[in-house]
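# Coordinates in review
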Amino acid sequence: MKPSAPPKTYRVKSFGCQMNVYDGERMAELLGTRGIAPAPEGEEADLVILNTCHIREKAAEKVYSDIGRLVLAGKEAGKKPLIAVAGCVAQAEGEEIMARAPAVSIVVGPQAYHRLPEMLDKAVSGKRATDTDMPAIAKFDALPARRKRGPSAFLTVQEGCDKFCTYCVVPYTRGAEISRPFSHLIAEARKLVEDGAKEIMLLGQNVNAWAGEDDKGRRTGLAGLIHALAKIDGLARIRYTTSHPGDMDDALIAAHGEVDKLMPYLHLPVQSGNDRVLKAMNRQHTAESYLRIIERFRAARPDIAIAGDFIVGFPGETEAEFADTLSIVDEVRYAACFSFKYSPRPGTPAATMDGQIAPEVMIDRLQRLQDRLAAHQYAFNQASIGKTCTVLVERTGRDPGQWLGKSPWLQSVWFEAPAAIGDLVEVTLAAAGPNSLKGLVRETLPA
Ligand code: SAH
Ligand code: SF4
Ligand code: F3S
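Residues numbered from 1 in each chain as written. Chains lettered and ligands numbered in written order. Predicted model: local features only at pLDDT ≥ 70, side-chain atom pairs only at ≥ 80, totals over all residues. Heavy atoms only, no water.

For the rest of this paragraph, the subject is the overall build of the protein. Within the protein, the regular secondary structure consists of 13 helices and 21 strands. Against the compact-globule benchmark of 22 Å for 447 residues, the protein has a radius of gyration of 23 Å, which places it among compact chains. Overall size of the protein, expressed as C-alpha extent along the three principal axes, is 65 × 60 × 50 Å. For the protein, the proportion of its 447 residues judged to be buried stands at 53%. For the protein, long-range pairs separated by at least 24 residues make up 71% of all intrachain contacts whose partners lie at least 6 apart in sequence. Of the accessible surface of the protein, which amounts to about 19200 Å², a share of 54% is contributed by carbon and sulfur atoms. Once the 55 positive and 56 negative side-chain charges of the protein are each reduced to a mean point, those two points are 4 Å apart. (Helix = DSSP H or I, 4+ residues; strand = E, 2+ residues; numbered from the N terminus. Rg over C-alpha atoms; globule rule 2.2 N^0.38 Å. Buried < 20%, exposed > 50% of the residue type's maximum accessible area, 1.4 Å probe, protein only. Contact = heavy atoms within 4.5 Å. Areas by Shrake-Rupley, 256 points an atom, 1.4 Å probe, with all protein chains shown as cover. Lys, Arg positive; Asp, Glu negative; His and termini not counted. Charge placed at Lys NZ, Arg CZ, Asp CG, Glu CD.)

Rendered as structure tokens:
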């Protein structure tokens, strides 16, 4: 490659989960310390980072077509952008990307992006750079301080996964489970709140596997961290995602009854309602043990909204087994869910299992599942009518004078009243649609 001028502007395009969004923000902060600025809207950036996701099919193909598009757009604008591929596709297919896409200068995995500045220097000098090492804690130590974001901020507390569900790439792309130290998390949270965050969403591939030592040197799980975060003045709301049924403990369940700032919302994926399928998925729980956990959360916090993830068409899934998934949906009465067609991922055990399901069967099952989930979501929203709650204002609505934000149950709520982004506004929920609710304002609480 030819040497190029150091980039002045960047753009980070993040795909996939919230942790990728968090990583994208951290990479942007890192570039900021190098004096590289976000590219103005509508302008081609000197450096583009594709922060990729590998969870489902066509991830890699999408990366190659994005690279092609960037090269073309650069040509039209009379420049040659530096292209970096980050995230989980970079981790899984870094070498192939370097071989297949000569336009790419940098391949950097999710646990190595703190080294981006050095890699950038190398790329500017005309050499290509790859780093897919996995020293996760080193990454966090090497990153600059957080910068101001919106009223709701992400905070990665735990990374990686040791569960090895047979369909999933995450244990390979993110590595083993690690927990960031308590003191670092409290410091990062304080900084976010000082910069205006009202809500913090704690992130982890298995967030409830977080463990550490508190400021008094006592071993504690996620509940201990939540109790400590709740003491930060100015922080109004705490959330966490995503939990694994195998890592639940009594203290976390109890925290939902004890900590006002902890929002009544639990994202606890079950994937399937059938025990044979759950075993083949290596989920390490049954439908029954999952339901018992939900029951305990509801006992601690009766109004808690339950969310989940589902996969239809796992290899060998019969119609009767799929029917068990529909049954568990009816039993839990989910407030919100994500549901996917099974996608064989290279290198995972399920990809080579017998009984791969035909695409048309998957499409049909997904449709039936999504219809059922939508009905429950609508019912949950309808049942919220008449409740009074706070809304954290995140943006302006479609019409002038309208504001949009989230209820404690993570529903989108819009209202019309004087307000500003970051306000916590008390509303009474007056009408509900499938995906949002209308609030009527009684008073604006001081921010
Ligand atoms: N760690 C979290 C989420 C991991 S990925 C957990 O265990 O719950 C997010 C979701 O993507 C999963 O919950 C699952 O529903 C879905 N998913 C993961 N691998 C998949 C695959 N190969 N095909 C289809 N969906 C998949
Ligand atoms: Fe993937 Fe299972 Fe780990 Fe979740 S728990 S990240 S689905 S392997
Ligand atoms: Fe995707 Fe990696 Fe997240 S595969 S879902 S970006 S952990």
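In the neighbourhood of ligand 3, the contacting residues comprise Cys17, Asn20, Cys53, His54, Ile55, Cys88, Arg174 and Gln205. Grouping the constituent residues of the shell around ligand 3 by class yields four nonpolar, three polar and one charged. (Near = heavy atom within 4 Å. Nonpolar A, V, L, I, M, F, W, Y, C, P; charged D, E, K, R; others polar.)

The omega torsion across Thr241 and Thr242 is 0°, close enough to zero to call that bond cis. With respect to the element layout, Thr242 can be found in the loop between strand S13 (237-241) and helix H9 (250-258). The residue Phe164 is not glycine, and still its phi comes out positive at about 50°. Along the polypeptide, Phe164 turns up in the loop between strand S8 (158-159) and helix H6 (170-173). Its identity is not glycine, yet Leu410 carries a phi of approximately 65°, on the positive side.

Below, the discussion takes up the layout of surface pockets. Within this model, the second largest pocket holds a volume of roughly 280 Å³. Around the second largest pocket, the lining comprises 14 residues; the ones closest to its centre are Met1, Lys80, Pro81, Leu82 and Ala103. Looking at the lining of the second largest pocket residue by residue, the classes come out as eight nonpolar, two polar and four charged. (1 Å grid on protein atoms, 1.4 Å probe; cavity = no way out; pocket = protein on both sides within 12 Å on 5 of 7 lines; lining within 4 Å. Points joined across faces, edges and corners; volume = space filled by probe spheres on them.)

Within the structure, ligand 1 sits among 15 residues, and Gln205, Pro269, Gln271, Asp309 and Ser343 are positioned closest to it. Ser343 places a main-chain nitrogen or oxygen 2.8 Å from a nitrogen atom of ligand 1. With the chains in place, 89% of the 540 Å² that ligand 1 exposes on its own is no longer accessible. Counting only elements with at least two residues in the shell around ligand 1, the list comes to strand S15 (305-312) and strand S16 (336-341). Among the residues making up the shell around ligand 1, the classes are represented as six nonpolar, four polar and five charged. (Polar contact = N/O pair within 3.5 Å; in protein donor to acceptor, adjacent residues only side chain to side chain.)

Let's shift gears to helix H3 (residues 87-100). The largest bend in H3 comes to about 90°, at Glu93. Listed in full, the buried residues belonging to H3 are Gly87, Cys88, Val89, Ala90, Gln91, Glu93, Gly94, Ile97 and Met98. (Bend = angle between axes of the 7 residues up to and from the residue.)

On to the packing of helix H12 (residues 319-332) against helix H13 (residues 359-384). Between H12 and H13, the shortest axis-to-axis distance is 10 Å and the interhelical angle comes to 10°. Looking at the two axes, H12 sits roughly parallel to H13. The segment H12 lies against H13, with Glu319, Phe322, Thr325, Leu326, Val329 and Asp330 engaging Arg365, Arg368, Leu369, Arg372, Leu373 and His376. A per-class count over the contact of H12 with H13 returns five nonpolar, two polar and five charged. (Axes fitted to C-alpha atoms, helices over the stretch in contact; angles between N-to-C directions. Parallel < 35°, antiparallel > 145°, perpendicular 65-115°, else oblique.)

Looking now at the sheet that holds strand S10 (residues 199-203). Spatially, three strands are ordered S7-S10-S13 in an open sheet, and the strand pairing comes out parallel. Two strands bound the open sheet, and with one partner strand each, they are strand S7 (152-156) and S13. Adjacent strand axes in the sheet meet at a mean angle of 25° when their direction is disregarded. Where S10 lies against S13, five bridges are found, and the strand directions are parallel. Within the sheet, the bridge partner assigned to Glu199 lies in S13 and is Arg237. Strand contacts of helix H8 (residues 222-229): S10 and S13, with the helix running at about 160° to S13, the strand carrying the most contacts. (Pairing = 2+ DSSP bridges.)

With that settled, consider the domain arrangement of the protein. Partitioning the protein into domains gives domain 1 (9-138), domain 2 (139-383) and domain 3 (388-445). Facing the 17 residues of domain 2 at the interface are 20 residues of domain 3. Around 1400 Å² of area is buried between domain 2 and domain 3 when both sides are counted, 58% of it from carbon and sulfur atoms. Among the residues domain 2 hides against domain 3, the three largest losses belong to Pro151, Arg237 and Asn381. Together they make up 39% of the total. For the pair domain 2 and domain 3, the interface holds zero salt bridges. Counting across the interface, domain 2 meets domain 3 through 12 residue pairs in polar contact (both at pLDDT 80 or more). Contributing elements (two or more residues each) for the side of domain 2 that touches domain 3: S13 and H13. (Domains from an automatic or database assignment. Buried area = accessible area lost by both parts, 1.4 Å probe. Salt bridge = Lys/Arg side-chain N within 4 Å of Asp/Glu carboxyl O.)

All told, the structure shown has 29 salt bridges when counted by the stated rule. Measuring nitrogen to oxygen at the nearest pair gives 2.4 Å for the salt bridge that ties Arg296 to Asp250. With Arg296 in helix H11 (residues 287-300) and Asp250 in helix H9, the pair connects residues that are 46 residues apart, well separated along the chain. Among the residues examined, Arg296 registers a relative accessible area of 38% and is labelled partly exposed. Of the residues examined, Asp250 reaches a relative accessible area of 55% and is grouped as exposed.

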